[in-house]
Amino acid sequence: WTAVPAMLIVGLVTYAYVVMRDIEEAPAAGNERVVTVTVQQFTWSFAYNEGGKRFSTAQLYLPAGQSVKFDVKSKDVIHDFWVPDFRMKIDAVPGITTHYRVTPKNPEAIGDHAIVCGLGRMGQRACKEFEAQGMPYVAIERDEHLLEDFTGRHGVYVHGDATSDEVLRKAGVERAKALLAVVASDAENLYITLSARLLNEKLAIVARAEEEGAEVKFRRAGANHVVSPYVTGGFRLAQAVIRPTVV
């Protein structure tokens, strides 16, 4: 009767080892961020490169969808490096550097990303461009059907109404670098723009405007750039006739 439990234990241990090895040895998807984690007594520090500069901080913010490799070190104690959102733990041992690799997926624990409000045709196209460039992003959409086929490698989604401050905060608006307001309604895009600007003064906001005369309102609400698909589309159609060899 002891054979069955023993076989189960061996099987679970083997499975855990294989999973851990595959995660740690998996090739990076896109540009990989390397974070050096150092513990001294009970103080943790995180060092990484950003924009050609070296930063060291006591707080850890990571972009969603980007592969992150942790180099874990200890100066004087044996400790465990454990981030609950990753559900992984690894030892920090003096004189030894241990490693593991993860791809964060929790929008509430990321930063320096883009937020796409609305997964209509324009929002989906923007997400594809972010995927192609390996840029982390969070998509906000209230229609569950549009989220069923979401398979972003560098992005995650938040189900909810982008006009809600709570939903914008959940998408990390206060830590984001840019926001695209591309839902179907000018009124909603205007409200999203105003809300996002109040929550983050440094945020780069790009808004979609259906009405030709709405640009002034969007800029007053805090948009940095305003895009009108009909104006842009009409201009390109006309240019295709006027200068067919240029467009």
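Residues numbered from 1 in each chain as written. Predicted model: local features only at pLDDT ≥ 70, side-chain atom pairs only at ≥ 80, totals over all residues. Heavy atoms only, no water.

Caption draft 1: Summary view of the overall build of the protein chain. For the protein chain, the count of helices and strands is 7 helices and 13 strands. In the protein chain, buried positions account for 39% of the 247 residues. Considering only contacts within the protein chain whose residues lie at least 6 apart along the sequence, 55% involve residues at least 24 apart. When the accessible area of the protein chain is evaluated, it comes to approximately 15000 Å², of which 56% is carbon and sulfur surface. (Helix = DSSP H or I, 4+ residues; strand = E, 2+ residues; numbered from the N terminus. Buried < 20%, exposed > 50% of the residue type's maximum accessible area, 1.4 Å probe, protein only. Contact = heavy atoms within 4.5 Å. Areas by Shrake-Rupley, 256 points an atom, 1.4 Å probe, with all protein chains shown as cover.)

Caption draft 2: Examining the sheet that holds strand S3 (residues 53-57) more closely. The 5 strands are arranged S3-S2-S1-S4-S7 in an open sheet whose pairing can be described as mixed. Only two strands of the sheet have a single partner each, and these edge strands are S3 and strand S7 (98-102). Across this sheet, the average inter-strand angle for adjacent strands is 20°, counted without regard to direction. Of the pairings in the sheet, the one linking strand S4 (residues 68-74) to S7 comprises 5 bridges and is antiparallel in character. Its bridge partner lying in S7, Lys 69 is registered against Arg 101. (Pairing = 2+ DSSP bridges. Axes fitted to C-alpha atoms, helices over the stretch in contact; angles between N-to-C directions.)

Caption draft 3: Here's a closer look at the packing of aromatic side chains. For the structure shown, the criterion picks out 9 aromatic pairs. Following the ring pairs from residue to residue traces out a cluster consisting of Trp 44, Phe 46, Phe 70, Phe 81 and Tyr 100. (Phe/Tyr/Trp six-rings, centres within 6.5 Å; stacked < 30°, edge-to-face > 60°.)

Caption draft 4: Main features of helix H5 (residues 186-199). Look at H5: 20 Å from first C-alpha to last across 14 residues, which is about the 20 Å you get at 1.5 Å a residue. Residues Asp 186, Glu 188, Asn 189, Ile 192, Thr 193, Ser 195, Ala 196, Arg 197 and Leu 199 constitute the buried set of H5. Close packing links the buried residues of H5 with strand S8 (114-117), helix H4 (165-170), strand S11 (178-181), strand S12 (204-208) and helix H6 (215-221). Residue Ser 185 occupies the N-cap position of H5, its side-chain oxygen lying 3.1 Å from the main-chain nitrogen of Ala 187. (Expected span 1.5 Å × (residues − 1). Polar contact = N/O pair within 3.5 Å; in protein donor to acceptor, adjacent residues only side chain to side chain.)

Caption draft 5: Main features of the side chain of Arg 197. Within the secondary structure layout, Arg 197 lies in helix H5. Although Arg 197 lies buried, it forms no salt bridge, and the closest oppositely charged side chain, Glu 201, sits 7.8 Å away as judged by the N-O distance. Polar side-chain contacts of Arg 197 include one of 2.8 Å to the backbone oxygen of Leu 203. (Lys, Arg positive; Asp, Glu negative; His and termini not counted. Salt bridge = Lys/Arg side-chain N within 4 Å of Asp/Glu carboxyl O.)

Caption draft 6: Region of interest: the nonpolar core. One finds Ile 115, Cys 117, Ile 140, Val 173 and Leu 179 to be the most contacted residues of the largest nonpolar core, which totals 27 residues. Of all the secondary-structure elements, those providing two or more residues to this core are S8, strand S9 (137-141), strand S10 (155-159), H4, S11, H5 and S12. By size, the runner-up hydrophobic cluster in this structure holds 15 residues, among which are Val 35, Tyr 48, Val 72 and Ile 90. (Core = buried A, V, L, I, M, F, W, Y, C linked by side-chain atoms within 4.5 Å.)

Caption draft 7: The arrangement of the pairing of S8 in detail. Side-chain alternation along S8 places Ala 114 and Val 116 on one buried face and Ile 115 and Cys 117 on a second face that is also buried. As judged from the 4 bridges shared by S8 and S9, these two strands associate in the parallel manner. If you follow Ala 114 over to S9, its bridge partner there is Tyr 137. Pairing between S8 and S11: 4 bridges, direction parallel. Looking at the pairing, Val 116 lines up with Leu 180 of S11.

Caption draft 8: Focus on the environment of Thr 97. Along the chain, Thr 97 falls in the loop between strand S6 (88-92) and S7. The spatial distance from the C-alpha of Thr 97 to the C-alpha of Ser 74 is 8.0 Å, given a sequence separation of 23 residues. Ignoring sequence-local partners within four residues, the contact set of Thr 97 consists of Asp 71, Val 72 and Lys 73.

What is shown is where atoms sit, not what they do.
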